[in-house]
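Structure assessment
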Amino acid sequence: MRVVSILLFVELVVGPFRERRDLMETNFANLSIESGEEEEILLDDGEESEDCNTQDHCLVGRFLTQQSVNYLSMKNMLATVWRPMRGVTIQLIGEGRFLFQFFHVLDVIRVMTGSPWFFNNHPLIIHLLRKGEHPQRV
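Residues numbered from 1 in each chain as written. Predicted model: local features only at pLDDT ≥ 70, side-chain atom pairs only at ≥ 80, totals over all residues. Heavy atoms only, no water.

Helices and strands together make up the secondary structure of the protein, namely 3 helices and 5 strands. Beginning at the N terminus, the succession of helices and strands in the protein can be written as α-β-α-β-β-α-β-β. Within the protein, buried positions represent 32% of all 138 residues. In the protein, once contacts between residues fewer than 6 apart in sequence are set aside, the share between residues at least 24 apart is 72%. Approximately 9500 Å² of the protein is accessible, and the part contributed by carbon and sulfur atoms is 55%. (Helix = DSSP H or I, 4+ residues; strand = E, 2+ residues; numbered from the N terminus. Buried < 20%, exposed > 50% of the residue type's maximum accessible area, 1.4 Å probe, protein only. Contact = heavy atoms within 4.5 Å. Areas by Shrake-Rupley, 256 points an atom, 1.4 Å probe, with all protein chains shown as cover.)

Structure (structure tokens):
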């Protein structure tokens, strides 16, 4: 009886992550540099921002790693994988933290519910920025 309970528990907990991993592997396998597709994705030039103008649509994130993250590669990869409807700006705000500003609430919801997100096998920890919260103090 305990074995069945443990197996059921493992399937309920691990199953959705396995499905997401398979979906991510499929999506990464379909990525192509020379796909010929062009779509507009707003990317910031990396200047630091003291505050997020529309805090309802902002996330603060950090990768769980001691290594430095290639900022430009990470920006391009996440913008491509997330495919936000109205764009995203990604800014380095110091101490390995990044500010992700979306321009539509559905993009924020999709990113928050679609996690876990990874870059170079390092998980991205994200926090929804609430009104009054400063991005560098989260």
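This model, assessed by the stated rule, comprises 1 salt bridge. In this structure, D107 engages R110 in a salt bridge whose closest nitrogen and oxygen atoms are separated by 2.9 Å. Linking D107 with R110, this pair stays in helix α3 (residues 105-113), spanning 3 residues, or about one helical turn. Relative accessible area serves as the criterion here: at 35%, R110 is assigned to the partly exposed category. (Salt bridge = Lys/Arg side-chain N within 4 Å of Asp/Glu carboxyl O.)

On inspection of all chains with the given rule, the structure shows 7 aromatic pairs. Measuring from ring centre to ring centre gives 5.9 Å for F63 and F98, while their planes differ by 75°; the resulting arrangement is edge-to-face. Of this pair, F63 sits in strand β1 (residues 58-63) while F98 sits in strand β3 (residues 97-102), placing them 35 residues apart in sequence. The exposure class of F98 is buried, given its relative accessible area of 3%. Centre to centre, the rings of F63 and F119 are 6.0 Å apart; their planes meet at 55°, and the pair counts as tilted. Residue F63 is found in strand β1, and its partner F119 is found in strand β4 (residues 117-119); the two are separated by 56 residues along the sequence. (Phe/Tyr/Trp six-rings, centres within 6.5 Å; stacked < 30°, edge-to-face > 60°.)

All right, on to unusual backbone geometry then. Note that the residue after S115, namely P116, is joined by a cis bond; omega there is 20°. When you line up the elements, P116 lands in the loop between α3 and β4. With a phi angle near 55°, E95 is a residue other than glycine that sits in the positive phi range. Residue placement: E95 occurs in the loop between β2 (88-94) and β3.

Inspection of α3 places D107, V108 and V111 among the buried residues, and these make up the whole buried set. On an axial view of α3, the arc spanned by its buried residues comes to 100°, and they lie on one face. Residues of α3 that are buried in the fold lie against β1, α2 (71-82), β3, β4 and β5 (122-128). (Arc of directions from axis to C-beta.)

The next subject is the confidence of the model for the protein. Confidence in the prediction of the protein, expressed as mean pLDDT, is 75, and 60% of residues score 70 or more. A low-confidence stretch, residues 35-51 stays under pLDDT 50, and its non-local contacts, those more than four residues away or across chains, total 34 contacts. (pLDDT = per-residue confidence, 0-100.)

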